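Take a look at the letters that make up each chain.
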Amino acid sequence: MPKTNFAHVDQWVFDLDNTLYPPQARLFDQIERKMIRYVMDQLGVSRERADQLRHHYWTTYGTTLAGLMREHDLDPDPYLIDVHEISLDHLEPDTQLAAHIKDLPGRKIVYTNGSAPYAERVLAARGLSGLFDAVYGVEHAGYRPKPEIEAFQMIFARDGITPDRAAMFEDDPRNLAAPHAMGMRTVHVAPEPHAADHIHHHTDDLTAFLARIK
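All of the points below concern the structure found in this document. (Residues numbered from 1 in each chain as written. Predicted model: local features only at pLDDT ≥ 70, side-chain atom pairs only at ≥ 80, totals over all residues. Heavy atoms only, no water.)

Considering the nonpolar core
Here is step 1: Core analysis: the largest hydrophobic core is formed by 53 residues, its most contacted members being Leu-20 and Phe-169.
Here is step 2: In this structure, Leu-20 is in contact with Phe-14, Asp-15, Leu-97, Ile-101, Val-110, Leu-123, Arg-126, Leu-128, Phe-132 and Leu-206, ignoring residues within four places of it in sequence.
Here is step 3: Among the nonpolar cores identified, the runner-up in size contains 17 residues, and Val-13, Phe-152, Ala-166 and Ile-199 belong to it. (Core = buried A, V, L, I, M, F, W, Y, C linked by side-chain atoms within 4.5 Å. Buried < 20%, exposed > 50% of the residue type's maximum accessible area, 1.4 Å probe, protein only. Contact = heavy atoms within 4.5 Å.)

Put into structure tokens, the structure is as follows:
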């Protein structure tokens, strides 16, 4: 049973996008459109080529931003501001999810490859503000993205996370490999399971899963 597998956990790390809100909200569709436009403007390429580069950088480096920084020496801060200026109007508060997160014992943080200000906006729209002890964006990892293990190490050292007492909730299977290697309990939050040795649990309903491990 999941509850026994989390008896040792008192530090909880949550990804943001498609984890603390359902993928049906499709926020990342808006972000991707902003990314494509930004790449078009910065590199002077067509929309098709910009989309190809966006996907290539995400696949190769973990995020589009990481690829732009490494291959084009892009200033990350204007990019992060621009691509996260999206509408959150259709996000709804989730009182049940908020209650289950509040009831988790110990320390709770959010760690996203997006920016911390964007994460705070999403948390507010979901009715989750004030439930987490800290919110970390890619800027807090020196712009190193998940899935790089160095990024996790920087955030966890900064926050004082002890991996063998911690759990990671994440929608991207790639981003659970490093937490698993560090000794964390890993939970893949997504509509469909992904078979991999570094994934301990899968759920398509974070609220229901948290209810089972309290």
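What follows continues from the structure just given.
Some points on the side chain of Thr-19
Here is step 1: Its place among the elements puts Thr-19 in the loop between β1 (11–14) and α2 (27–43).
Here is step 2: At a separation of 3.1 Å, a polar atom in the side chain of Thr-19 contacts the side chain of Asp-15.
Here is step 3: Apart from residues no more than four positions distant in its own chain, Thr-19 is found in contact with Phe-169, Glu-170, Asp-171, Val-189 and Leu-206. (Helix = DSSP H or I, 4+ residues; strand = E, 2+ residues; numbered from the N terminus. Polar contact = N/O pair within 3.5 Å; in protein donor to acceptor, adjacent residues only side chain to side chain.)

Let's talk about the pattern of salt bridges
Here is step 1: What the rule picks out here adds up to twelve salt bridges.
Here is step 2: Here Asp-15 makes a salt bridge to Lys-146, at a shortest N to O gap of 2.9 Å. Taken as a pair, Asp-15 in the loop between β1 and α2 and Lys-146 in the loop between β3 (134–136) and α8 (149–159) lie far apart in primary sequence, 131 residues in all. Of the two residues examined, Asp-15 and Lys-146, each falls in the buried class.
Here is step 3: One salt bridge in this structure joins Lys-146 and Glu-170, with 3.0 Å as the shortest N-O distance. Of this pair, Lys-146 sits in the loop between β3 and α8 while Glu-170 sits in strand β4 (residues 166–170), placing them 24 residues apart in sequence. Note on accessibility: Lys-146 and Glu-170 belong to one class, buried.
Here is step 4: Through salt bridges with shared partners, a single network forms among Asp-15, Lys-146 and Glu-170. (Salt bridge = Lys/Arg side-chain N within 4 Å of Asp/Glu carboxyl O.)

Section: the packing of aromatic side chains
Here is step 1: Per the counting criterion, the structure on display carries ten aromatic pairs.
Here is step 2: With centroids separated by 5.8 Å and ring planes inclined at 80°, the aromatic side chains of Phe-6 and Phe-209 adopt a geometry described as edge-to-face. Within this pair, whereas Phe-6 is found in the loop between α1 (2–5) and β1, its partner Phe-209 is found in helix α10 (residues 206–213), the two being separated by 203 residues in sequence. Summarising the burial analysis for this pair, Phe-6 and Phe-209 share the class buried.
Here is step 3: The interplanar angle of 90° and the centroid separation of 5.3 Å between the aromatic rings of Tyr-38 and Tyr-79 together place this pair among those described as edge-to-face. Remark: Tyr-79 occurs in helix α5 (residues 76–83) and Tyr-38 occurs in helix α2; sequence separation between them is 41 residues. (Phe/Tyr/Trp six-rings, centres within 6.5 Å; stacked < 30°, edge-to-face > 60°.)

Let's talk about the packing of helix α4 (residues 64–72) against α5
Between two packed helices, what matters for the description is the angle formed by their axes and the separation of those axes.
Here is step 1: Axis separation between α4 and α5 bottoms out at 11 Å; the angle between their running directions is 150°. Between α4 and α5, the angle is such that the two are roughly antiparallel. Of the two elements, α4 crosses α5, and the hand of that crossing is right-handed. Each of Thr-64, Leu-65, Leu-68 and Met-69 in α4 lies in contact with α5, whose residues at this interface are Pro-76, Tyr-79 and Leu-80.
Here is step 2: Considered class by class, the residues forming the contact of α4 with α5 number six nonpolar, one polar and no charged. (Axes fitted to C-alpha atoms, helices over the stretch in contact; angles between N-to-C directions. Parallel < 35°, antiparallel > 145°, perpendicular 65-115°, else oblique. Left-handed = near helix turned anticlockwise from the far one by under 90°. Nonpolar A, V, L, I, M, F, W, Y, C, P; charged D, E, K, R; others polar.)

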